[in-house]
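Single-letter residue listing:
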Amino acid sequence: MRKAKLSVSDINKSFYMPGENISLQVLEKIDFEIQEGEFVSILGPSGCGKSTFLNILAGFENVDCGNAVCCGESITGPSPERAVVFQSPVLFPWLDVKENIMYGLKQVGKRKKDAEQLASEYLKAVGLEGFGNYYPSQLSGGMQQRVSLIRSLVLGPKVLLMDEPFAALDAQTRYSMQQLLLQLWENNRQTIVFITHDVEEALLLSDRICIMSRRPGRIIEEISVPFERPRTISLAGSEDFSILKSRILGKLLT
Ligand SMILES: Nc1ncnc2c1ncn2[C@@H]1O[C@H](COP(=O)(O)OP(=O)(O)O)[C@@H](O)[C@H]1O
Ligand SMILES: [Mg+2]
């Protein structure tokens, strides 16, 4: 049996609300495992604790009780092994695209020439060849998100934690970003935890979907996604896709 890349057991998480002097329970008894190279989506209604869960995996938040483990070690804080991609691109506005990508590489001691080479390769891979000298403000939202994604990928993380990374993009750009992510994942096979509230997105991208309940968030169902890869948007027109989508929507609305 393969060893889990990331696993959490029996996690509870609450936030103290000083104004009301109460503790708000956000996550309840979360058990979750993801194998190396697996792509799992977490689907749940707004406010159910998805980001809180991802922040725990990232090491940004502590748990009240339970364990979170990555590569056999307890998660006690952020690590370059676990890269996080947010909904808004995270870029330094005063650095150009290439410098933004090279920033993290320099921090980990990469030589300038090697960092430049890597930045160029990734820019080419995401269709942004020739934009290295542009500043973030000169790019569209989708282009900025591509650069943000490269900034994470270029450091070679083993785990990608993605919090609704394409939610702010228009439908067409979102679709091209989904295809890009699948292509990059097929080449590198990182372990991906992908948060979304979009059922179609989860079905198009993932190997498995975990559905969360309303707050306090619990994982109420896990579904293996049966569709063959590579997947394209035409899959969304198939009967099997519609049936699974309705079943998941039904579960989300209960
Ligand atoms: N740092 C925090 N302090 C207090 N409450 C928080 C904090 N982070 C999240 N919450 C609350 O926890 C609940 C779940 O939030 P979140 O994890 O962001 O949900 P989701 O990502 O599913 O929309 C919300 O009610 C939110 O207000
Ligand atoms: Mg969120």
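Residues numbered from 1 in each chain as written. Chains lettered and ligands numbered in written order. Predicted model: local features only at pLDDT ≥ 70, side-chain atom pairs only at ≥ 80, totals over all residues. Heavy atoms only, no water.

Chemist: Quick rundown of the site of ligand 1? Include the residues and the values.
Modeler: Close to ligand 1 lie Phe15, Leu24, Val26, Pro45, Ser46, Gly47, Cys48, Gly49, Lys50, Ser51, Thr52 and Arg215, which account for all nearby residues. Contact between ligand 1 and Ser51: an oxygen atom at 2.9 Å from a side-chain N or O atom of the residue. Compared with its free state, where it exposes 570 Å², ligand 1 has 64% of that area covered by protein. Looking at the shell around ligand 1, the elements with two or more residues in it are strand S2 (22-35) and helix H1 (50-58). It is H1 that provides the largest number of residues to the shell around ligand 1, a total of three residues. Class assignment of the residues belonging to the shell around ligand 1 gives a composition of five nonpolar, five polar and two charged. (Near = heavy atom within 4 Å. Polar contact = N/O pair within 3.5 Å; in protein donor to acceptor, adjacent residues only side chain to side chain. Areas by Shrake-Rupley, 256 points an atom, 1.4 Å probe, with all protein chains shown as cover. Helix = DSSP H or I, 4+ residues; strand = E, 2+ residues; numbered from the N terminus. Nonpolar A, V, L, I, M, F, W, Y, C, P; charged D, E, K, R; others polar.)

Chemist: Quick one: what's the story with the domain arrangement of the chain, residue by residue and with numbers?
Modeler: By domain assignment, the chain separates into domain 1 (4-81 + 159-253) and domain 2 (88-156). Centre-to-centre separation of domain 1 and domain 2, based on C-alpha positions: 25 Å. Taken together, the contact between domain 1 and domain 2 spans eleven residues of the former and nine residues of the latter. Between domain 1 and domain 2, a total of about 880 Å² is buried, with carbon and sulfur atoms accounting for 79% of that surface. (Domains from an automatic or database assignment. Contact = heavy atoms within 4.5 Å. Buried area = accessible area lost by both parts, 1.4 Å probe.)

Chemist: Which residues make up the sheet that holds strand S5 (residues 73-74), and what values do they have?
Modeler: The strand order across the open sheet built from four strands is S2-S1-S4-S5, with neighbouring strands paired in antiparallel fashion. Pairing within the sheet leaves two strands with one partner each, and these edge strands are S2 and S5. Across two bridges, strand S4 (residues 65-70) lies against S5 in antiparallel orientation. Among the inter-strand pairings, Cys70 is bridged to a residue of S5, identified as Glu73. (Pairing = 2+ DSSP bridges.)

Chemist: I'd like a rundown of unusual backbone geometry, residues and numbers included.
Modeler: The linkage connecting Arg215 with the following residue, Pro216, adopts the cis geometry, with an omega of -5°. Arg229 connects to Pro230 through a cis peptide bond whose omega is -5°. Turning to its location among the elements, Pro230 is positioned in the loop between strand S10 (219-224) and helix H7 (239-253). Backbone geometry at Cys71 places phi at a positive 50°, although glycine is not the residue there. For Cys71, the location among the structural elements is in the loop between S4 and S5. Using a relative accessible area of 34% as the deciding quantity, one classes Cys71 as partly exposed. (Buried < 20%, exposed > 50% of the residue type's maximum accessible area, 1.4 Å probe, protein only.)

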